[in-house]
Amino acid sequence: MTSTYLLPLLKIVVILNAVLVSVTFMTLLERKVIAWVQVRLGPMRVGPYGTLQPIADAIKLLLKEDITPVRADKWVFTIAPIVSMVPALIAFAVIPFDREASIFGYRVPLFVADINVGLLYLVSITSIGVYGIILAGYASNSKFPLLAGLRASAQLISYEIAVTMMLVSMVVMSGTLSMVGIVDAQYNAHVWYAFVQPVAFVILFIGGLAETNRAPFDLPEAEQELTGGFHTEYSGMRFALFFLAEYANMIVVSAVATTLFLGGWLRPFPNVAWLGVLDFVPGWIWFLLKTFVFVYVFLWIRATLPRYRYDQLMRLGWKVLIPLGIANLIVTATLKVLL
Amino acid sequence: MLEPLVFYTLAAFIIGFGVLVVTTRNTVHCVLFLVANFLCVAMVYVLLAAEFLAIIQILVYAGGIVVLYLFVVMLVNLQRPPDAVPTRGRQSRAGFALAAVMLAEISAILVFSAARPAPAAASALPATSGVGNTEVVGMLLYSDYLVPFEVASMLLLVAMVGAIILARKEA
Amino acid sequence: MSLFDTTELTLNMGPQHPSTHGVLRVVLRLDGERVVGCDVVIGYLHRGIEKLCEHRDWQQIVLLTDRMDYVAAASNNLGYVETVEKLMSLEVPRRAQYIRVILAELQRVASHCLWLGTHAMDIGAMTVFLYAFRERELVLDLFEEYCGARLTYNAMRIGGLPLDIPSGWDRKVRAFCDVLEQKIPEYEELLTHNRIWRDRTTGIGVISGADALAIGLTGPALRGSGVAHDIRKDEPYAAYAEFDFDVPIGTAGDTYDRYLVRLEEFYQSVRIIRQALDGLPEGPIVGKVPRLIKPPAGETYHAIEAPKGELGYFIVSDGKSNSPYRFRVRPPSFCNLQALPRLVQGHLVSDVVALIGSLDIVLGEVDR
């Protein structure tokens, strides 16, 4: 009884809290990292070295006046941020932080659910996330957010294809759709898949950048272009929800990339026995470390690269990534059959 | 005990959302109720242990096709023509007649299939061998149902090429 | 296939817009995302400088010229005082000429730093903004040490300069030149060969050399289109004739070439500054100037190569009063801005922002 209902519930509570807190502090991390790249210091006033800045931001956003445009569709306007946030959060249900860990003497698997279509579940959740942007653009009842929303969702849908094809390549490599199964396959193959499938790795990462609307694919949010894009009319906590959803999506993409390509919770060289001295570091720490590396690369890229124009972005997705993805899939499948 | 409860709740939602789809005035709300409908149908698939089908329902239907509907609805900006009058005449009667015919047909099918048990052929595979729904669908699709699969992909290819040609600007 | 009725969308950018570099209003007519028409509305920063100058005496006007191109104030000062000196046929001592060149080239560096930072930021490369401003701060520090101000210098006098350079200033300028030569490769690394930067700037806003001349473009915008016209070479002023430097010329006339031209101008400015410091003569810094400046009756036009283009002053003096009779400025940004409607034709909205940055305008000059 406890294991079927209570334990997953507890895990959900823990993971949701962890995600929400880390997403809040990721706003600070982004500001600090970008500031250091730009020879500045970033937030320094609130708390020691600015570490309590997210709390100040949260309080500010909660206290802001909640403005709804006059002729906006009230229901759709309200649910758009929710529809953006929920898929980002429920994606964490299938992400494995470790196979098992001992917590207060109990052996607890560190994932909420290991469904046998885990990867497919993630893909479907991503496609639901598109709705938040479309609805936000529509509900603001103003032409710029509408156009920006449609553009953003077209971008997301296009890059979804490339990303899904890379996920399929990984499924072919590992023979299973379950996230835990993929990590096990990497353990059995004695190698992290990033070294076996570099093309898929790169395409997945680029597609992930586009899926989360991050630079250099952040045209929908670029202030210089369309004054705020699809969330122009949003203020206060609703605005915050969009941003938190974006950061949560970033973490999801990083976690997926970690699981698929960097061996999830496996330590470096998991089959080399004499490096077993590293085993005192629990698996979930390795997982979080690798995810953090990806998140850092997201922020680093934002600080460095200029922004693609919309048509160049679409051209990259359709004419470069998808053909490469198809080629990768064919080669993977052929080699898998032959070898 | 829990399963019938969940099923009937979902069924109520499905029917409810379906009714809302056809009765709502605002087109965008219609489409959103359709999405909710599809998500509930996906949950019913999960109940039936067809998890692959459930995910594909969400991925393709709710996440692809309905997004397309939304695009069209938002861009085309459908309005009721100002001189439209609700016709409570011929259309309603035709509608009722059609609904009655459909109901009779479905009841006939149910009665006849209850009287005659279904052939045991194709359903023998899945439940016992411990293989998930995805693998079963894959095996069936690429062995028994290969020709329909190829025909369907050819159809999709033609549709895609047609769409690209239609949308291309004249040079 | 005209089954669908498409209407033109009118998009208003500005006057308060993050990337119009000041209070510029651009009204775009769009077909989908392509620009089919563009109207530029200016005047939001008009302060009546030309009229004001008719009621200030000749020395006070230097203060007003600071505020036109406030990004490169010393160049404005230089253009004005040279025009008056031409009107009065004054002789400026060589030391003053050399220091004027140093100040003008430092201004070129500062102006191009600001241009680079804002242009890159508009296209999305936020970090270059911070790096470019870091170098601009160094130039501003040099100016602050020289004349006490960071933005509006009042750094020239009719007949020479107000101040001699402080001791040790030339060493600091040399140190700055060394720092700049190390930093420019950083910008190049981030931008010049960056695939995304090239995609955003090549082929955008192409204008041929002949068209550019016809429409009145000057400065790096003109040189990017292949026209070798630089007033420092063609009609040398101050001490430019004595220095050895190259003028970078582009080929394609697009945004990328204008970017490359201005980037190369950094190196050339450093070259000129070093030569000027090496050959800095001793002597007075002000020539023989009458106590009360009253140019004889007459009119003259004199232009200099400001960082943004040909900055010209047309001054009419009636020989009697303490102020000019007519004071007319030919601002480079105003004339370059005329090209904008032509450059944005057929491009997307995102390119409009890139093109405004590529023309390098400052509204203080456009509106005066």
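Right above here is the structure, for reference.
Scope of this entry: the structure provided in the associated data block. (Residues numbered from 1 in each chain as written. Chains lettered and ligands numbered in written order. Predicted model: local features only at pLDDT ≥ 70, side-chain atom pairs only at ≥ 80, totals over all residues. Heavy atoms only, no water.)

Regarding the pairing of strand β4 (residues 298–306) of chain C
Residue and element names in this part refer to chain C. Filter applied, for reference: The rule for pairing is simple: two strands pair if DSSP sees at least two bridges between them. Strands here are runs of E lasting at least two residues and helices are runs of H or I lasting at least four, both read from the DSSP assignment and numbered beginning at the N terminus.
When β4 meets strand β5 (residues 309–317), the two strands line up antiparallel, connected through nine bridges. Paired with Gly298 across the strands is Ser317, a residue of β5. Linking β4 to β5, which pair antiparallel, is a turn of two residues.

Overview of the environment of Glu145 of chain C
Residue and element names in this part refer to chain C. Selection rule: The contact criterion used is simple: two residues touch if any of their non-hydrogen atoms lie within 4.5 Å. Throughout this description, a polar contact denotes any pair of N or O atoms lying within 3.5 Å of each other; where both atoms belong to protein, one of them has to be capable of donating a hydrogen while the other can accept it, and for residues adjacent in sequence the pair is counted only when both atoms sit in side chains.
With respect to the helices and strands, Glu145 occurs in helix α5 (residues 126–147). Measuring from C-alpha to C-alpha, the distance between Glu145 and Trp169 comes to 7.8 Å, with 24 residues separating the pair along the chain. If sequence neighbours within four positions are ignored, Glu145 has contacts with Pro166, Trp169 and Lys172. A polar contact is formed between the side chain of Glu145 and the side chain of Lys172, at a distance of 2.8 Å.

Comments concerning the pattern of salt bridges
Definition in use: The salt bridge definition used is simple: a Lys or Arg side-chain nitrogen within 4 Å of an Asp or Glu carboxyl oxygen. The buried label applies to any residue whose accessible area, calculated with a 1.4 Å probe on protein chains only, is under 20% of its type's maximum; exposed applies above 50%, and partly exposed to all values in between.
One pass over the structure, following the stated rule, counts 40 salt bridges over all chains. For Asp218 of chain A, the salt bridge goes to Arg307 of chain A, with nearest N and O atoms at 3.0 Å. Placement of Asp218 of chain A in the loop between α8 (198–211) and α9 (223–226) and of Arg307 of chain A in the loop between α11 (283–304) and α12 (310–338) is noted, with a sequence separation of 89 residues between them. Residue Asp218 of chain A shares its accessibility class with Arg307 of chain A, and that shared class is buried. Here Glu105 of chain C and Arg232 of chain C are joined by a salt bridge, their closest N and O atoms 3.2 Å apart. Of this pair, Glu105 of chain C sits in helix α4 (residues 94–123) while Arg232 of chain C sits in helix α10 (residues 231–234); the two residues are 127 residues apart in sequence, bridging distant segments of the chain. Classification of Glu105 of chain C as buried rests on a relative accessible area of 0%. Accessibility expressed as a relative area gives 2% for Arg232 of chain C, which makes it buried. Through salt bridges with shared partners, a single network forms among Glu105, Arg108, Arg223, Asp230, Arg232, Glu265 and Glu305 of chain C.

Concerning the interface of chain A and chain C
Rules: By buried area we mean the combined loss of accessible area, with a 1.4 Å probe, across both parts when two parts are placed together. Under the scheme applied, nonpolar residues are Ala, Val, Leu, Ile, Met, Phe, Trp, Tyr, Cys and Pro; charged residues are Asp, Glu, Lys and Arg; polar residues are all the others, including Gly.
Between chain A and chain C, the residue contacts involve 26 residues of the former and 30 residues of the latter. The contact between chain A and chain C buries some 2400 Å² in all, and 57% of this surface belongs to carbon and sulfur atoms. Applying the counting rule to chain A against chain C returns two salt bridges. The salt bridge involving Asp199 of chain C is made with Arg315 of chain A; its shortest N-O contact spans 3.7 Å. Scanning the region where chain A abuts chain C turns up six residue pairs in polar contact (both at pLDDT 80 or more). Breaking the side of chain A that touches chain C down by element, the ones donating at least two residues are α1 (2–37), α5 (143–174), α9, α11 and α12 of chain A. With four residues, the top contributor of residues to the side of chain A that touches chain C is α5 of chain A. A per-class count over the side of chain A that touches chain C returns eleven nonpolar, five polar and ten charged.

Some points on the sheet that holds β4 of chain C
All names here are of chain C. Applied cut-off: Only the stretch in contact is used when fitting a helix axis, every axis being a line fitted to C-alpha atoms; angles between N-to-C directions are given from 0 to 180 degrees.
Within the open sheet, the three strands sit side by side as β4-β5-β6. Their pairing is antiparallel. Of all the strands in the sheet, just β4 and β6 (326–330) have a single pairing partner and so form its edges. Across the sheet, the axes of successive neighbouring strands diverge by a mean angle of 15°, strand direction being ignored. Pairing between β5 and β6: five bridges, direction antiparallel. By the bridge assignment, Phe314 is partnered in β6 with Arg328.

Re unusual backbone geometry
One non-glycine residue, His190 of chain A, adopts positive backbone phi at about 65°. Note that His190 of chain A resides in the loop between α6 (179–189) and α7 (193–196). The residue Asn154 of chain C is not glycine, and still its phi comes out positive at about 55°. Within the secondary structure layout, Asn154 of chain C lies in the loop between α5 and α6 (169–191).

A few points about the side chain of His119 of chain C
All names here are of chain C. Here His119 shows up in helix α4. By relative accessible area, which is 1% here, His119 ends up buried. In contact with His119, other than residues within four places in its own chain, are Trp197, Thr255, Ala354, Gly357 and Ser358.

Looking at a nonpolar patch on the surface
Residues and elements named next belong to chain A. Selection rule: Two distance rules govern patches: like charges are joined within 9 Å, and nonpolar side chains (Val, Leu, Ile, Met, Phe, Trp, Tyr) within 5 Å, applied only to residues with over 30% relative accessible area and no salt bridge. We get accessible surface area from the Shrake-Rupley algorithm with a probe of 1.4 Å; when it comes to residues, only the shown protein chains can shield them.
Taken together, the side chains of Val21, Phe25, Leu52, Ile55, Ile59, Leu62, Leu63 and Met237 make up a nonpolar region of the molecular surface, amounting to roughly 750 Å² of accessible area. Sorting the residues of the nonpolar patch by element identifies α1 and α2 (53–63) as the ones contributing at least two each. With four residues, the single largest contributor to the nonpolar patch is α2. Along the chain, Leu52 falls in the loop between α1 and α2.

Structural notes on the environment of Ala12 of chain B
On the secondary structure map, Ala12 of chain B appears in helix α1 (residues 2–23). Between the C-alpha atom of Ala12 of chain B and that of Cys40 of chain B, which follows or precedes it by 28 residues, the distance is 9.7 Å.

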